[in-house]
Amino acid sequence: MSEFRPIPTTDREACQRILRYAFTPETGPVTPDPDGDWPPSLFDQRGLYDGDTLRAVCKLYYLDTTVRGEAATVGGLGAVATPPEHRGQGYAADLCRHALCEYREADVGFVTLWPFSTPFYHRLGWGTANTYRRFDLPPSTLPDDDIAGQMVTLDADDWERLRRVETVAADGTALSLRRSEAWWRERTLADWDGDGVPYCYGYERDGDLCGYLVYTVADDAANTLSVSNFAAVDEEARRALLAFLGNHGAQVERVTLQLPPDAPLLHRVADPGAVDCTVEAGPMVRLTDVGSLERFDWPGGDLDCTLSVSDPLLDRNDGLFRLSVSGGTATVDPLSPADSPADVTVDIATLSQLAVGTHGVAAAERLAGLEIQDASVRDPLVDVFETESVYLCEFF
C-alpha cells in the first residue's frame, strides 16, 4: 500500500528532479540547487511513497478566497507529478485521493487546481470552475482617456494597499484570491516561474490606490508586455490602467491581458479587428465531501430532495444523500439506497460546479452530469443553486 506523507529534506532533490522533468524537461537532467528553505513556506510538499521509493509528488496550498459570498479557505492542489518510469500505474489518482482526504481533515470544502489535462482531472471528479478571456492587441488600439490621478510604481512593501484594491475589485466573485503578504512577496511580485521579476504599477487618486497592474515584458520579436494581474475599484481606474498600457507603443508591439470571461475590452478599443481574443478553460474545482454543502449560506429558497452522487475517487461521496435547505442552512445526511428513490442524479464534478456557482441547474442539465428524476424538485433546485461570478485567475 502506498503512503502519502510530507517529503523530508533527504528526499528534496528527488522531489525537485520529478518536478523538473514534469514541467521543464527542456532544462535537461540538471541537478537541483540544494539552497533555500525546506519545507517551503507557501505550500506543503507531499509525496506518495512505495516503501522508501518516492513515486509521485504534489503541493498543497491553502488559499484565502470567497465561496457563496463568504470568506473561505480553499485548497489549491499544484504540481502533481509522477516520473515517466512510474506513470500509468495509478499513482497520480492515488495522490489526488490522499490530498483530498488531507484537505477534508483540515475542514477544507473545495479543492482547486490548474489542470495539465482537463479530461484527466474530470475523470477524477473535478469540473471547470471558470473560463477566462485572453486578449492580444497592439497598444495603439487601447483608449487614451483623461484621468484625475496618477500612475505610481509599487513593490511588495505595498502589499497591504494592493490587497485592499484586490478585495474591492473582486467583491462578489467566487474563488477570488485574498493574497497574504507571503504570497505577494514570494509569488505575485517575484520571479517564481523564471519569466523575470514583474513590474507593478498602481493608479492613485487623491492619495488612495484605486487600481494596479502586474506585468512582464518578454525578450521576443514583439517585446510582448504580458499582464498577469489587472484590478480596478471603479471605471476611472480601469480606464487609467488601459491608457497606461497604451502608452507603451514606443517600446512594445503587443500587449496581452488575461481578464474575466465577461470583460468587455472589445467594446473599449478603437479597432476591435486588431484584437485577438480567445476564451480558454481555467482552473478546476472539486468538493472534498458532499457534506461540505453545509458550510455555506443558501438564501435562495427551501429544498428537500435525495441526491444520488457518483464519485470516482472517494467512496464516502459515492451514494445516496438527503439534501435539505431551510432558512439558508443546508443539512446533508447519507442514506441507504433502500431508504428512498433518488430525486436527482449527479456526478461530483457537476455538483461541485453547482455548489461554487459556475453552473445553474439548467446549464448543469444541458452541459454536464445532472439528471432530475422528480420534476417537483426542479424549481427548488434552481432557487438554491443560483449561478455566481466565478474567477480564479492566479496560477499556482
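Rules used in this analysis
- Residues numbered from 1 in each chain as written.
- Predicted model: local features only at pLDDT ≥ 70, side-chain atom pairs only at ≥ 80, totals over all residues.
- Heavy atoms only, no water.
- Pairing = 2+ DSSP bridges.
- Helix = DSSP H or I, 4+ residues; strand = E, 2+ residues; numbered from the N terminus.
- Axes fitted to C-alpha atoms, helices over the stretch in contact; angles between N-to-C directions.
- Contact = heavy atoms within 4.5 Å.
- 1 Å grid on protein atoms, 1.4 Å probe; cavity = no way out; pocket = protein on both sides within 12 Å on 5 of 7 lines; lining within 4 Å.
- Points joined across faces, edges and corners; volume = space filled by probe spheres on them.
- Nonpolar A, V, L, I, M, F, W, Y, C, P; charged D, E, K, R; others polar.
- Phe/Tyr/Trp six-rings, centres within 6.5 Å; stacked < 30°, edge-to-face > 60°.
- Buried < 20%, exposed > 50% of the residue type's maximum accessible area, 1.4 Å probe, protein only.
- Lys NZ or Arg CZ within 6 Å of the ring centre and 35° of its normal.
- Salt bridge = Lys/Arg side-chain N within 4 Å of Asp/Glu carboxyl O.
- Parallel < 35°, antiparallel > 145°, perpendicular 65-115°, else oblique.
- Polar contact = N/O pair within 3.5 Å; in protein donor to acceptor, adjacent residues only side chain to side chain.

Q: Just checking my understanding: could you explain the sheet that holds strand β8 (residues 150–153) for this structure?
A: Read from one edge to the other, the open sheet built from seven strands follows the order β8-β10-β11-β12-β13-β7-β14, with strand pairing classed as mixed. The strands lining the two open edges of the sheet, one partner per strand, are β8 and β14 (276–281). Sheet twist, expressed as the mean angle between neighbouring strand axes with direction ignored, is 25°. Of the pairings in the sheet, the one linking β8 to strand β10 (residues 199–205) comprises four bridges and is antiparallel in character. Bridged to Gln150 within β10 is Glu204. Here helix α4 (residues 159–169) sits on the sheet and contacts β10, β11 (208–217) and β12 (225–232); the angle it forms with β11, its principal contact strand, is near 100°.

Q: Sorry if this is basic, but what is going on with the sheet that holds strand β3 (residues 53–67) here?
A: The pairing of strands in a sheet comes from backbone hydrogen bonds and takes either a parallel or an antiparallel form. Strand order in the open sheet formed by seven strands is β1-β2-β3-β4-β5-β15-β6, and the pairing between neighbours is mixed. Of all the strands in the sheet, the pair left with one neighbour each is β1 (3–6) and β6 (127–128). Looking at chain direction, strand β2 (residues 44–50) and β3 are connected through seven bridges and run antiparallel. Looking at the pairing, Tyr49 lines up with Leu54 of β3.

Q: Please explain empty space enclosed by the protein as it appears in this structure.
A: Any empty space left between the atoms is revealed when a probe the size of a water molecule rolls over them. Counted under the stated rule, the structure contains one cavity of 30 Å³ or more. What lines the largest cavity is simply Leu307, Val344, Val346, Leu351, Leu354, Val361, Leu370, Leu381 and Phe385. Here the lining of the largest cavity is composed, by residue class, of nine nonpolar, no polar and no charged.

Q: What's the story with the packing of aromatic side chains in this structure? I'm lost.
A: Two aromatic rings are characterised by how far apart their centres lie and by the angle between their planes. Per the stated rule, a full pass over the model turns up 18 aromatic pairs. Here the aromatic rings of Trp298 and Phe385 are separated by 5.3 Å at their centres, their planes lie at 70°, and the arrangement is edge-to-face. Of this pair, Trp298 sits in the loop between β15 (284–287) and β16 (303–310) while Phe385 sits in the loop between α9 (378–384) and β21 (389–390), and the two are 87 residues apart along the sequence. We note that Trp298, like Phe385, is buried. When the ring centre of Trp183 is taken as reference, the NZ or CZ atom of Arg187 above it lies at 5.1 Å.

Q: Any chance you could explain the pattern of salt bridges here in plain terms?
A: Think of it this way: side chains of opposite charge can pair up when their charged atoms draw near. Tallied over the entire structure, the rule returns 24 salt bridges. In this structure, Glu3 and Arg5 form a salt bridge, with 2.9 Å as the shortest nitrogen-oxygen distance. A relative accessible area of 43% means that Glu3 is categorised as partly exposed. Two residues, Glu204 and Arg161, come together in a salt bridge whose shortest N-O distance is 3.0 Å. One end of the pair, Glu204, is in strand β10; the other, Arg161, is in helix α4, with 43 residues separating them in the sequence.

Q: Teacher, can you tell me more about the layout of surface pockets here?
A: Size it by volume and the largest pocket reaches roughly 1400 Å³. Looking at the lining of the largest pocket, the elements that each hand over two or more residues are α1 (12–23), β3, β4 (70–81), α3 (118–123) and α5 (181–188). Element by element, the count of residues in the lining of the largest pocket is highest for α1, at five residues. The volume enclosed by the second largest pocket comes to roughly 980 Å³. Contributing to the lining of the second largest pocket are 46 residues, with Leu259, Pro260, Pro261, Asp262 and Tyr391 lying nearest its centre. For the lining of the second largest pocket, the secondary-structure elements that each account for two or more residues are β6, α4, β12, α6 (235–246), β13 (255–259), α7 (348–356) and β21.

Q: What is the right way to look at the packing of α4 against α5 in this model?
A: The angle between the axes and the distance between the axes are what describe a pair of packed helices. In the contact formed by α4 and α5, the axes pass within 9 Å of each other and the chain directions differ by 100°. It follows from the interaxial angle that α4 and α5 lie roughly perpendicular. Contact with α4, carried on its side by Trp159, Leu162, Arg163 and Glu166, involves Glu181, Trp184 and Arg185 of α5 and no other residues of that element. Across the contact of α4 with α5, the residue classes break down as three nonpolar, no polar and four charged.

Q: Sorry, what's going on with the side chain of Glu204 here?
A: With relative accessibility at 16%, the residue Glu204 sits in the buried group. A polar side-chain atom of Glu204 sits 3.0 Å from a polar atom in the side chain of Arg161. Discounting chain neighbours no more than four positions away, the residues touching Glu204 are Gly149, Gln150, Val152, Arg161 and Leu209.

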